[in-house]
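Close look at the chain arrangement
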Amino acid sequence: MNIIVCMKRTPDTATKIAVKDGQIDPACLDTWIINPYDEYAIEEALQLRDRAGEGKITLVSIGPPEAQETIRKGLAMGCDEAVHLVDDAFAGLDPLGAAKVLAAAIQKVGDFDLVYTGWKGVDEDHGQTGIYLAEFLGLPHVSMVVKIDDIGDGEARVEREVEGGHELVRTSLPAVFTAQKGENEPRYPTLRGIMGAKKKPFQTWSAADVGLDPAGLQPVQEILSVTLPPQRQAGRIVEGETVEEKARELARLLREEAKVI
Amino acid sequence: MSTNNVLVVAEHLDGQLKRISFECVTAAAEIAGSLGGQVQAMVLGTSLPAALAEQLGQAGAQTVFTADDGSLQDYAPERFAQVVADTVRRADPAVVLFGATARGRDLAPRVAAKLGVGLASDCTGFAVKDGRLVITRPMYAGKAIAQVALQSSPQMATVRPNIFPPAEVAPDRQEATIEPVAVGEIAAGAVVEEFQAKGGDRPELTEANIIVSGGRGMGGPENYVVIEALADALGAAVGASRAAVDAGWRPHSDQVGQTGKTVSPSLYVACGISGAIQHLAGMRTSKVIVAINKDADAPIFKVADYGIVGDLFDVVPALREAIRELND
């Protein structure tokens, strides 16, 4: 089973966002991780490959040259090869553009049964790229996959998370899955994995390498401005002689003052 | 050149329109008012009850496109997206809105891809400037708020639940024009075969009006009965922090925060949750926040409207009792 995992680096979720000149201040984005949802996709892919006992996992990632370090972490987790898409034309891509680049790269990699990626990036929270990608590859997709019940020759049955439960989806393969956080915990790279990652095939491709004209990648979604959310003021600590008294006073405040119960 | 109309792709379950669809109609009416266009709606399914189109009309849609076909019984993204994309080409709206639900988040990007246009996700506000939308949407799970514009047409967006009030169904409103949509044979590789309910009768987290959440301070999965009892007294959903989910105490579907759900209920009760930045991002837009924590220095108190410093195992049952007394 050959799997292509599309991953990207995102700022650590502990990042405190700052705004400068009406946009996110790049200086506040100083710690980078594998996008957590892409990490779930990697873990699922590793387990699928290892259960099948054959096949390879190719990481495909768009990012600046510095992203190489994060992509190597994916190799250290156990993926087999990586393709790093680096080009000035890839800076500031929106999901539509990113999907065009990924589709071109995936077609060049070729020979796969499954494309797996995170359902969204924890940076701009679009949750679109994997689905655009499926359409551009002419493949079915299943989004927010939490569990693979069965995967075999040309077909899979998977579960996706929806409000109040799971939808059980049957799909033909190849397909594109986007990962929601499921039952599997992404593994930490071992020391051996980290050392081995340095010797794994790692290619760097530009827009020209995947046959794309930068003019067709201009974002259609423009971020006009960014602000920080209004600060919440700390409210009041409800006091009382006993726990019961505090609880009664809180219930009263919620009904009479806040009017929410 | 498109029309100035705004099309809402409605969602229904068990023969009922979902609340989010009426919320989308409210957003659509605001936009259509500024553009000088109509509100339109679309429903897809098999043997659709006439009431669906009727109610969308009574909520404010002037035209309702109905795609009623045997092949639309079970959700299949490729097929549904093709039908919506064909209808969008025919109706030529300026704006297309979906709910930011599991369904809408799945369908909208596939439609946008078929049309080769951009899409703004999980939007919380719309303004019109020079005939184009200025869209408000959170990023970084709400740590930042962006104003975005889409350079492609139609302008497509998914609308976050619980932000816009649902449009009122007024039976005396003029009837909507029903436009049936012909559905041809469309191949689909992926098809939903079954729905498995999980989580019992409590409201769903992203749709809930009240949420009671438990974190690391819960100490173990068995202690959530305390949270559940308070939730049931309030008709609330149960949430959890990442610490509780990573410990295996609660399923991920309960997680509130940057790698979980972003929620905006009227009341959020955080029990034994310290208030890590990732958690605050996911719930800070709640109307009223209550914190119950034994650590008076916990960051959660800095965003809480009301706080009780104390052991949650004493405070939460006492609060449930106080609410019962209030309701009697």
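Keep in mind it's a predicted model, so treat the numbers as computed, not measured.

1. Notes on the overall build of chain B
Of regular secondary structure, chain B possesses 8 helices and 18 strands. Over its C-alpha atoms, taken along the principal directions, chain B stretches across nearly 60 × 40 × 40 Å. Counting the 328 residues in chain B, one finds 60% classified as buried. Across chain B, the fraction of contacts at a sequence separation of at least 24, relative to all contacts at a separation of at least 6, is 67%.

2. Observations regarding the domain arrangement of chain A
In terms of domain boundaries, chain A breaks down into domain 1 (3-217) and domain 2 (231-261). For domain 1 of chain A versus domain 2 of chain A, the distance between C-alpha centres works out to 46 Å.

3. Notes on the domain arrangement of chain B
Residues and elements named next belong to chain B. Segmenting chain B into domains produces domain 1 (6-180) and domain 2 (205-327). A straight line from the C-alpha centre of domain 1 to that of domain 2 covers 32 Å. Residue composition of the side of domain 1 that touches domain 2, by class: 5 nonpolar, 2 polar and 2 charged.

4. Section: the packing of helix α3 (residues 77-91) of chain B against helix α4 (residues 102-115) of chain B
Residue and element names in this part refer to chain B. One can describe the packing of α3 onto α4 by two numbers: an axis separation of 8 Å at closest approach and a directional angle of 55 degrees. On the basis of their axis angle, the class for α3 and α4 is oblique. In the crossing of α3 with α4, the sense of the turn from one axis to the other is right-handed. Where α3 abuts α4, its residues Pro 77, Glu 78, Phe 80, Ala 81, Gln 82, Val 84, Ala 85 and Val 88 lie against Asp 106, Leu 107, Arg 110, Val 111, Lys 114 and Leu 115. Residues of the contact of α3 with α4, tallied by class, amount to 9 nonpolar, 1 polar and 4 charged.

5. Regarding the sheet that holds strand β13 (residues 202-205) of chain A
In spatial order, the strands read β13(A)-β7(A)-β6(A)-β1(A)-β8(A)-β12(A)-β9(A)-β10(A)-β11(A)-β13(B); together these 10 strands make up an open sheet with mixed pairing. The two strands at the open ends of the sheet, each matched to only one other strand, are β13 of chain A together with β13 (190-197) of chain B. Averaged over all pairs of adjacent strands, the angle between their axes in this sheet comes to 30 degrees, without regard to strand direction. Summarising the sheet, strand β11 (residues 165-172) of chain A and β13 of chain B pair through 7 bridges and their orientation is antiparallel. Directly across from Thr 171 of chain A, in β13 of chain B, lies its bridge partner Ala 190 of chain B.

6. Some remarks on the nonpolar core
With 198 residues, the main nonpolar core has Val 5 and Leu 102 of chain A together with Val 8, Leu 97 and Val 290 of chain B as its most contacted residues. Counting residues per element, this core draws most heavily on helix α1 (residues 19-35) of chain B, which supplies 9 residues. Apart from the residues lying within four places of it in its own chain, the contact partners of Leu 102 of chain A are Cys 6, Val 60, Ile 62 and Leu 133 of chain A.

7. Some thoughts on the sheet that holds strand β9 (residues 132-139) of chain B
If you trace the 4 strands from one edge of the open sheet to the other, you get β14(A)-β10(B)-β9(B)-β8(B), paired in antiparallel fashion. Each edge of the sheet is formed by a strand with only one pairing partner; in this case those strands are β14 (221-227) of chain A together with β8 (125-129) of chain B. Taken over all neighbouring pairs, the strand axes of this sheet differ in orientation by 30 degrees on average, direction set aside. With 5 bridges connecting them, β8 of chain B and β9 of chain B associate as antiparallel partners. Bridge pairing in β9 of chain B places Val 128 of chain B opposite Leu 133 of chain B. Against the sheet, α1 of chain B makes contact with β8 and β9 of chain B, and its axis sits at roughly 5 degrees relative to β8 of chain B, the strand it touches most.

The rules we used
Residues numbered from 1 in each chain as written. Chains lettered and ligands numbered in written order. Predicted model: local features only at pLDDT ≥ 70, side-chain atom pairs only at ≥ 80, totals over all residues. Helix = DSSP H or I, 4+ residues; strand = E, 2+ residues; numbered from the N terminus. Buried ≥ 20, exposed ≤ 12 C-beta atoms within 10 Å, placed from the backbone. Contact = placed C-beta atoms within 7 Å. Domains from an automatic or database assignment. Nonpolar A, V, L, I, M, F, W, Y, C, P; charged D, E, K, R; others polar. Axes fitted to C-alpha atoms, helices over the stretch in contact; angles between N-to-C directions. Parallel < 35°, antiparallel > 145°, perpendicular 65-115°, else oblique. Left-handed = near helix turned anticlockwise from the far one by under 90°. Pairing = 2+ DSSP bridges. Core = buried A, V, L, I, M, F, W, Y, C linked by C-beta atoms within 7 Å.

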